[in-house]
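Summary of the model geometry
If you want the building blocks of each chain, they are given just below.
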Amino acid sequence: RLYTIQRADEGTSEEAERVVCLDAATGETLWENRYNVWLSDVPAERVGWTSVVGDSETGNVYVLGACGLFLCIDAKSGETVWKTPLHEQYGLLSTYGGRTTFPVIHEDLVIISGILINWGEYAKPNHRLIAFNKRTGEPVWMSGTKDLPEDTTYSAPSLVTIDGQRQLILGAGDGAIWGFQPRTGKPLWHYDLSRRGIYATPLVV
């Protein structure tokens, strides 16, 4: 099977985004999962920007839509297992024009990142990571970089092992490269590299 995300119902009042499952051998459409694209500053060309991520252990696929809707979908049937509106519940900004990153799966977690403006100690804009239980969608941890970043970023995170320590490494909106402990969200280190956000994916050798 092949899974992808794309724009749907282009140019209509019903315009949407959809995750599509195809038969990899024939190209036949097996199912579609559509969800609304609501009032947003995301340009139409960036609807369906991100990538679908599959998890062989649960048999689910995960996707972050252009408007911040985070979905867990049954890869066989196309039915939604759980969903979280990151805009409403966590204050995710609308990804600065639809430049949306994709989830990363680590053990029982699915981890997403973006610029969040929340409340209390999380009130200031910050490029944060949120880990959810990949089966239930329950939040497990939230961590962040530096407050008041200059940019958003769609730097793809990398999961690597360095000196026996599993790390999630990504470029951040504050211009630094960060390493986090993926089980807990604990920041392990950061390196200030740029005056603006890092858009490229760090390569770890």
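About the cut-offs
- Residues numbered from 1 in each chain as written.
- Predicted model: local features only at pLDDT ≥ 70, side-chain atom pairs only at ≥ 80, totals over all residues.
- Heavy atoms only, no water.
- Pairing = 2+ DSSP bridges.
- Helix = DSSP H or I, 4+ residues; strand = E, 2+ residues; numbered from the N terminus.
- Polar contact = N/O pair within 3.5 Å; in protein donor to acceptor, adjacent residues only side chain to side chain.
- Contact = heavy atoms within 4.5 Å.
- Axes fitted to C-alpha atoms, helices over the stretch in contact; angles between N-to-C directions.
- Phe/Tyr/Trp six-rings, centres within 6.5 Å; stacked < 30°, edge-to-face > 60°.
- Buried < 20%, exposed > 50% of the residue type's maximum accessible area, 1.4 Å probe, protein only.
- Patch = residues over 30% accessible without salt bridge, like charges linked within 9 Å, V, L, I, M, F, W, Y side chains within 5 Å.
- Areas by Shrake-Rupley, 256 points an atom, 1.4 Å probe, with all protein chains shown as cover.
- Salt bridge = Lys/Arg side-chain N within 4 Å of Asp/Glu carboxyl O.
- Core = buried A, V, L, I, M, F, W, Y, C linked by side-chain atoms within 4.5 Å.

Quick word on the pairing of strand E11 (residues 139-147)
Pairing between strand E10 (residues 126-133) and E11: six bridges, direction antiparallel. Looking at the pairing, Asn-126 lines up with Asp-147 of E11. Connecting the antiparallel pair E10 and E11 is a turn made up of five residues, with Gly-137 showing a positive phi of about 80 degrees.

Here's the deal with the side chain of Ser-113
The residue Ser-113 is located in strand E9 (residues 109-116) in this model. Here His-127 takes part through its side chain, which lies 3.4 Å from a polar atom of the side chain of Ser-113. With residues up to four places along the chain from it excluded, the contact list for Ser-113 reads Thr-101, His-127, Arg-128, Leu-129 and Leu-170.

Describing the sheet that holds strand E2 (residues 16-22)
The three strands lie next to each other as E1-E2-E3, forming an open sheet whose pairing is antiparallel. Taken across any chain shown, the strands that pair with only one partner, and hence form the sheet edges, are strand E1 (2-8) and strand E3 (29-36). Mean inter-strand twist for the sheet, computed between neighbouring axes without regard to direction, equals 20 degrees. With seven bridges connecting them, E1 and E2 associate as antiparallel partners. Paired with Ile-5 across the two strands is Val-19, which belongs to E2.

Observations concerning the packing of aromatic side chains
All told, the structure shown has seven aromatic pairs when counted by the stated rule. Summarising the aromatic geometry, the rings of Tyr-3 and Trp-31 are spaced 5.9 Å apart at their centres and angled 45 degrees between planes, so their arrangement reads as tilted. In this pair, Tyr-3 sits in strand E1 while Trp-31 sits in strand E3, placing the two residues 28 residues apart along the sequence. Classification of Trp-31 by relative accessible area gives buried; the value is 8%. Between Trp-82 and Phe-132, the ring centres sit 6.2 Å apart and the planes meet at 40 degrees, which makes this aromatic pair tilted. Taken as a pair, Trp-82 in strand E7 (residues 80-85) and Phe-132 in strand E10 lie far apart in primary sequence, 50 residues in all. Phe-132 matches Trp-82 in its accessibility class, with the two residues each being buried. Through pairs of rings, three or more aromatic residues link up here, namely Tyr-62, Phe-70, Trp-82, Tyr-90 and Phe-132.

Description of the environment of Ile-73
The residue Ile-73 is located in strand E6 (residues 69-74) in this model. Remark: the alpha-carbon pair of Ile-73 and Gly-54, spanning 19 residues in sequence, is separated by 9.5 Å. Those residues in contact with Ile-73 that lie beyond four places of it in its chain are Val-19, Trp-31, Asn-33, Gly-59, Asn-60, Val-61, Val-63, Gly-78, Glu-79, Thr-80 and Val-81.

Considering the sheet that holds E9
A sheet is described by the order of its strands in space; here four strands give the open sequence E8-E9-E10-E11, paired in antiparallel fashion. Each of the sheet's edge strands pairs with one partner strand only, and the pair in question is strand E8 (104-106) and E11. Between one strand axis and the next, the sheet turns through 25 degrees on average, direction left out of account. Pairing between E9 and E10: eight bridges, direction antiparallel. Bridge pairing links Ser-113 to Leu-129 in E10.

Let's talk about a nonpolar patch on the surface
Where nonpolar side chains cluster on the molecular surface, the patch consists of Trp-189, Tyr-191 and Leu-193 and spans about 340 Å² of accessible area. On the secondary structure map, Leu-193 appears in the segment after strand E15 (187-192). Classification of Leu-193 as exposed rests on a relative accessible area of 53%.

Describing the nonpolar core
Judged by nonpolar contacts, the single largest core of 15 residues is most densely connected at Tyr-62, Phe-70, Trp-82, Leu-86, Val-110 and Phe-132. Of all elements in the fold, only strand E5 (60-64), E6, helix H1 (86-90), E9 and E10 reach the threshold of two or more residues within this core. Look past the residues within four positions of Trp-82 in its chain and what remains in contact with it is Tyr-62, Phe-70, Leu-71, Cys-72, Val-110, Phe-132, Asn-133, Lys-134, Arg-135, Thr-136 and Gly-137.

Let's talk about the side chain of Lys-134
Relative to the helices and strands, Lys-134 resides in the loop between E10 and E11. For Lys-134, the residues in contact, after removing those within four places along its chain, are Asp-55, Glu-57, Thr-58, Asn-60, Tyr-62, Cys-72, Trp-82, Ile-105, Glu-107, Asp-108, Leu-109 and Val-110.

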